[in-house]
Amino acid sequence: MNNKISLSILVIFLIIGSLIGCGDPSVDITSVSYDPRIVVEGYLFPGEPVKDIRIMRNFPLNQPIDTNQFFINPAIADVKINTTKLDFDSSKHSYFTNAFTVEKGQTYTLEVSATIDGKKLTTTASTTVPLDGLKLLSSDSVQHHYSEEFGILFCPMTPTGFYAFSIRADSAGLSNFIYDNEFNSNMKSDQLEKDLNNFRLRSAFIQNLKPDTLNAVYQPIRTFNTWFYSDYTVIMYAGDQNFKNFVLTAPSVKEFDGNFHEPKIIMQGSGAGVFASAIKDTIRFSIIR
C-alpha cells in the first residue's frame, strides 16, 4: 500500500461488486449489465487542508477504455465537503480547498454530483477523523543489516484499533536490489524491471488493538518488505472505520473457494470507492549490507 490506494483497485472492485450475491464461482461476468457510477478516492488527515480528492468513473465490460476518461471532467462535476465547494487542480486531476484545515474528531461529508453517459448522478459519504492515533516509541533513521530482526514499537490509541503501514524504499533500482534475498536468489534483471514498483512499495496492517498507552505493540519489518539496500520511509496510519473497511475488503474480493465477497463501500447513492480519514506518523530506517 502506497500513500494512496491505486486507481486500478478502485476500477476492479466496481466490476466485481456487481457480481455480489451470485454464489457461483463460474458466473459469466460478461452478462452483467453496466451501471454508471461515480468513483471516489479521498483521504483526510488532521492538520492538513483538504487535497488530492479524486473523482473518477467506472466503465462497461468488453469495450476499449480510454485512460484519459478515467477522471470526470470538472466542468460537469460539483464536489463539496461540508458545503464548501472544492477547487480543481488540473495538474493532479484532483480536488482541494484551502478554506479550512482538517481537525481531529470532526465529521466531514463529501457530496459529489456529475453527469456520466447522459445520467445525472450523485453520491455522498461521511468520515469522522479519529481523536487519537498512535504514540511512536521507536527511534528514527536507524541502520539495519538485511535479514536482521527489527520492527516498530508504538502505543495504540485509536478506538477503531486499525493501523496500516506503508513501507517504501526511497531508492529502488537494479543497482541496489538485494539479489541474494531469502525468497528468490535467481531474480533476473528483466523480470525485476517489470515488477520493480511492487518490490519498492510494500505494506502491512494490524487490527483489533485496544487503545493502550502503557503497553507497546511491536510491528515487525519483515524481509519481504525490504528488497533494496536503501533508506526507507514508513508512513503509519491510524485509520477511521472507513479506512479500515476499505483496506480489509476492497483490494481482494475473491474468496479461497472462488466465490466473491462484497467490499464494504460507504458511498451512498450512485457512488463507490473510498472516503476516509486517518492520523498518520512517519519513521525512517535504512537497510545496509
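Above: the structure in question.
### Let's talk about empty space enclosed by the protein
By rolling a water-sized probe across the atoms, one finds the places where empty space is left. On inspection of all chains with the given rule, the structure shows one cavity of 30 Å³ or more. Within this model, the largest cavity holds a volume of roughly 30 Å³. Looking at the largest cavity, the residues that line it are N242, N245, F246, K264, I266, G273, V274 and F275. Of all elements in the fold, only α4 (241-249) and β17 (271-288) reach the threshold of two or more residues within the lining of the largest cavity.

### Overview of the environment of K104
With respect to the helices and strands, K104 occurs in the loop between β6 (94-101) and β7 (107-116). For the pair formed by K104 and G47, sequence separation is 57 residues and the distance between their alpha carbons is 8.1 Å. In this structure, K104 is in contact with P46, V129, P130, L131 and I279, ignoring residues within four places of it in sequence.

### Re the sheet that holds strand β16 (residues 268-269)
Spatial ordering of the open sheet is given by β4-β3-β7-β8-β16, a layout of five strands whose pairing is antiparallel. For this open sheet the edge positions go to β4 (84-85) and β16, each flanked by a neighbour on one side alone. Here strand β8 (residues 119-128) runs beside β16; their pairing, made up of two bridges, is antiparallel. Residue pairing across strands places T123 opposite G269, the latter belonging to β16.

### Remarks on a nonpolar patch on the surface
Together, L137, L153 and Y218 line one region of the surface with nonpolar side chains, adding up to about 260 Å² of accessible area. Among the secondary structure elements, Y218 is positioned in strand β14 (residues 217-220). We classify Y218 as partly exposed; its relative accessible area is 41%.

### Brief notes about the nonpolar core
Core analysis: the largest hydrophobic core is formed by 30 residues, its most contacted members being I152, F154, F165, V234, F285 and I287. Residue assignment for this core shows that the elements contributing at least two residues are β11 (151-156), β12 (163-169), β13 (201-206), β15 (231-239) and β17. Look past the residues within four positions of V234 in its chain and what remains in contact with it is I152, F165, S166, I167, D281, T282, I283 and F285.

### Section: the environment of A278
Here A278 lies in strand β17. For the pair formed by A278 and A164, sequence separation is 114 residues and the distance between their alpha carbons is 9.7 Å. For A278, the residues in contact, after removing those within four places along its chain, are L44, F45, P46, P130, Y237, A238, G239 and F243.

### Things to note about the packing of aromatic side chains
Taken as a whole, this structure holds 19 aromatic pairs when the rule is applied. Ring plane angle 5° and centroid distance 4.9 Å describe the contact between Y232 and F285, whose orientation is recorded as stacked. Placement of Y232 in strand β15 and of F285 in strand β17 is noted, with a sequence separation of 53 residues between them. According to the relative accessible area criterion, Y232 is buried, its value standing at 1%. Ring pairs connect the aromatic residues F177, Y179, F183, F199, F224, W227 and F228, which therefore count as one cluster. When the ring centre of F59 is taken as reference, the NZ or CZ atom of R57 above it lies at 4.5 Å. If you follow K280 out to its NZ or CZ, it ends over the ring of F45, 4.2 Å from the centre.

### Things to note about the pairing of β12
Taken across its seven residues, β12 has six buried, putting it largely inside the fold. The pairing of β12 with β13 spans six bridges and is classified as antiparallel. Residue pairing across strands places R168 opposite L201, the latter belonging to β13. Here β12 pairs with β15 via seven bridges, running antiparallel. Residue S166 lies in a different strand from β15, and its bridge partner there is I235.

### So, the side chain of N245
Checked against the element boundaries, N245 lands in helix α4. Discounting residues that sit within four places of it in the chain, N245 has contacts with A250 and K264.

Parameters and conventions
Residues numbered from 1 in each chain as written. Predicted model: local features only at pLDDT ≥ 70, side-chain atom pairs only at ≥ 80, totals over all residues. Heavy atoms only, no water. 1 Å grid on protein atoms, 1.4 Å probe; cavity = no way out; pocket = protein on both sides within 12 Å on 5 of 7 lines; lining within 4 Å. Points joined across faces, edges and corners; volume = space filled by probe spheres on them. Helix = DSSP H or I, 4+ residues; strand = E, 2+ residues; numbered from the N terminus. Contact = heavy atoms within 4.5 Å. Pairing = 2+ DSSP bridges. Patch = residues over 30% accessible without salt bridge, like charges linked within 9 Å, V, L, I, M, F, W, Y side chains within 5 Å. Areas by Shrake-Rupley, 256 points an atom, 1.4 Å probe, with all protein chains shown as cover. Salt bridge = Lys/Arg side-chain N within 4 Å of Asp/Glu carboxyl O. Buried < 20%, exposed > 50% of the residue type's maximum accessible area, 1.4 Å probe, protein only. Core = buried A, V, L, I, M, F, W, Y, C linked by side-chain atoms within 4.5 Å. Phe/Tyr/Trp six-rings, centres within 6.5 Å; stacked < 30°, edge-to-face > 60°. Lys NZ or Arg CZ within 6 Å of the ring centre and 35° of its normal.

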